[in-house]
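Architecture at a glance
If you want the building blocks of each chain, they are given just below.
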Amino acid sequence: MTPATAATDCEASRLAAILAHFAREGFARCEPRLLQPAHVFLDRSGEDFRGRLYLTSDGSGAEFCLRPEYTIPVCLDYLASAQAGQPAAYAYGGSVFRAPEHGATGDGEFLQAGLESFGRDDREAADAEILVAALEAAAAAGATRLNVHMGDAGLVAAFLERLDMPLIWRRRLAAGHARGQRIADIFAAPRRNGGSEQSGVLAALTKVDPADARRLVEDLLSIAGITPVGGRSAAEIAERFLDQATLADGDGVSKETRALAEAFFAIEGAPAPASAAMRNLAADARLDLSAALDSFDARVRAIDARGLTVQDMRFSASFARHLDYYTGFVFEARHDGDGEPVIGGGRYDRLFKTLGAASDIPAVGAAIWIDRLSPGKEEA
């Protein structure tokens, strides 16, 4: 038996142990087709993601790709089933395919297992179930003593909604947080494309009424005969100019609001003291975060009730999983050190609507990377 064969057999054995654990916990097996419509992934991740997909097309020219991940295919199968909109719990395990990033090595195929829970209104209990089931399944495959790091995209959204700042700045903070940017970098003045002429236009726009500025830009574009660019109308281009003017030099964000945002995103530690710190900050700033923090505390209690030592976990208000569809609880579990996560997951209640559902459907899930179950594997 060659080393490569031994590794493959070992990973297959670990995958089987994980799936057996999920089955015992009541998660039905779901294995979406290997070939998936490519546009679903490109629509979400952009054309830059095309280079990571293994693409083909049918006789009509429609593009398909080898399954690059499981969550979206499982969601699509659920929407097409008779259970759509009803509570359902699924587990999966098999190959996913992504071409190595530029300069990286590998054959682009790796094993992944995971589970998804749809349609449950008791969100905190469902969050706890997914976290515990994923950790127990990884332990059944030999990955014990994983360190859990968690965040809460819903709590971040509630905080940003209550800050006294222009909408464009809320969006910028939300997007920067999702990408894992430092708060200081998010607040840094954005780079502008173009020269002094454009800078002058942006500066002038900040000195007039927003409605007048919008009409001015629309009129200038119309006079110049500029047609829609990249599918954007003249009004949308004008809105982009106004957004850039608002972002320039942090315009519209007071020092007090910036300091409040920096203090919030600096909160981290065990969940209970972190919750207390966020409540104190919200009270001092007269921000109503009670509903989001009550949900946070209920989730912590639900995790504790399932036998995990919650105080050994770490919460960070700045923690994100770098995917924009998460709406609530997010987490990763790693071996000691800062290697790649063995487990990653979270809540994504709004994803289904972007996939064609008539309304949002509660959803939470987690994925396990089989090749990372052994400590140090990601550095090998």
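Note: the structure precedes this text.
Residues numbered from 1 in each chain as written. Predicted model: local features only at pLDDT ≥ 70, side-chain atom pairs only at ≥ 80, totals over all residues. Heavy atoms only, no water.

This paragraph deals with the pairing of strand 10 (residues 329-334). Among the six residues in strand 10, five count as buried, and that is most of the element. Two elements, strand 7 (residues 147-152) and strand 10, share six bridges in a ladder whose sense is antiparallel. When the bridges of strand 10 are listed, Gly 151 appears paired with Val 330. The pairing of strand 10 with strand 11 (residues 343-347) spans four bridges and is classified as antiparallel. Counted as the bridge partner of Phe 331 is Gly 345 from strand 11. (Buried < 20%, exposed > 50% of the residue type's maximum accessible area, 1.4 Å probe, protein only. Helix = DSSP H or I, 4+ residues; strand = E, 2+ residues; numbered from the N terminus. Pairing = 2+ DSSP bridges.)

So, about the packing of helix 5 (residues 153-161) against helix 11 (residues 255-265). Running from amino to carboxyl end, helix 5 crosses helix 11 at an angle of 165°, the nearest separation of the two axes being 12 Å. With respect to each other, helix 5 and helix 11 are oriented roughly antiparallel. Crossing of helix 5 against helix 11: the hand is right-handed. Judged by residue contacts, Leu 155, Val 156, Phe 159 and Leu 160 of helix 5 engage Leu 260, Ala 261, Phe 264 and Phe 265 from helix 11. Considered class by class, the residues forming the contact of helix 5 with helix 11 number eight nonpolar, no polar and no charged. (Axes fitted to C-alpha atoms, helices over the stretch in contact; angles between N-to-C directions. Parallel < 35°, antiparallel > 145°, perpendicular 65-115°, else oblique. Left-handed = near helix turned anticlockwise from the far one by under 90°. Contact = heavy atoms within 4.5 Å. Nonpolar A, V, L, I, M, F, W, Y, C, P; charged D, E, K, R; others polar.)

Looking now at the sheet that holds strand 4 (residues 63-66). The three strands are arranged 2-4-3 in an open sheet whose pairing can be described as antiparallel. On the outer flanks of this sheet lie strand 2 (35-37) and strand 3 (55-57), each paired with one strand and no other. Taking the axes of each pair of neighbouring strands and ignoring which way they run, one obtains an average angle of 40° across the sheet. In terms of strand pairing, strand 2 meets strand 4 through three bridges, oriented antiparallel. Bridge pairing in strand 4 links Pro 37 to Phe 64. Across the face of the sheet, helix 2 (residues 38-45) comes into contact with strand 2, strand 3 and strand 4 while running at roughly 55° to strand 2.

The next thing to look at is the packing of aromatic side chains. Scanning the model with the defined rule gives 15 aromatic pairs in all. Taking the centre distance of 5.2 Å and the plane angle of 85° together, the rings of Phe 264 and Phe 265 count as edge-to-face. Site record: aromatic cluster; members linked through ring pairs are Tyr 78, Tyr 90, Phe 118 and Phe 352. (Phe/Tyr/Trp six-rings, centres within 6.5 Å; stacked < 30°, edge-to-face > 60°.)

What follows deals with the sheet that holds strand 1 (residues 28-29). Strands in a sheet are paired, the pairing made by backbone hydrogen bonds, and the direction either parallel or antiparallel. Pairing is mixed across the open sheet formed by nine strands, whose spatial order is 1-5-6-12-11-10-7-9-8. Bordering the open sheet on either side are strand 1 and strand 8 (268-269), each of which pairs with just one other strand. For strand 11 and strand 12 (residues 363-369), the ladder comprises five bridges, and the chain directions are antiparallel. Its bridge partner lying in strand 12, Arg 347 is registered against Val 364. Sheet contacts for helix 5: strand 7 and strand 9 (314-316); angle to strand 7, the most-contacted strand, approximately 30°.

Count 3.6 residues to each turn of an α-helix, and residues three or four apart come out pointing the same way. Turning to helix 2, its buried residues are Ala 38, Val 40, Phe 41 and Leu 42. Looking at the buried residues of helix 2, the elements they touch are strand 2, strand 3, strand 4 and helix 3 (71-79). Looking one or two residues past helix 2, Gly 46 carries a phi angle of roughly 90°, positive in sign.

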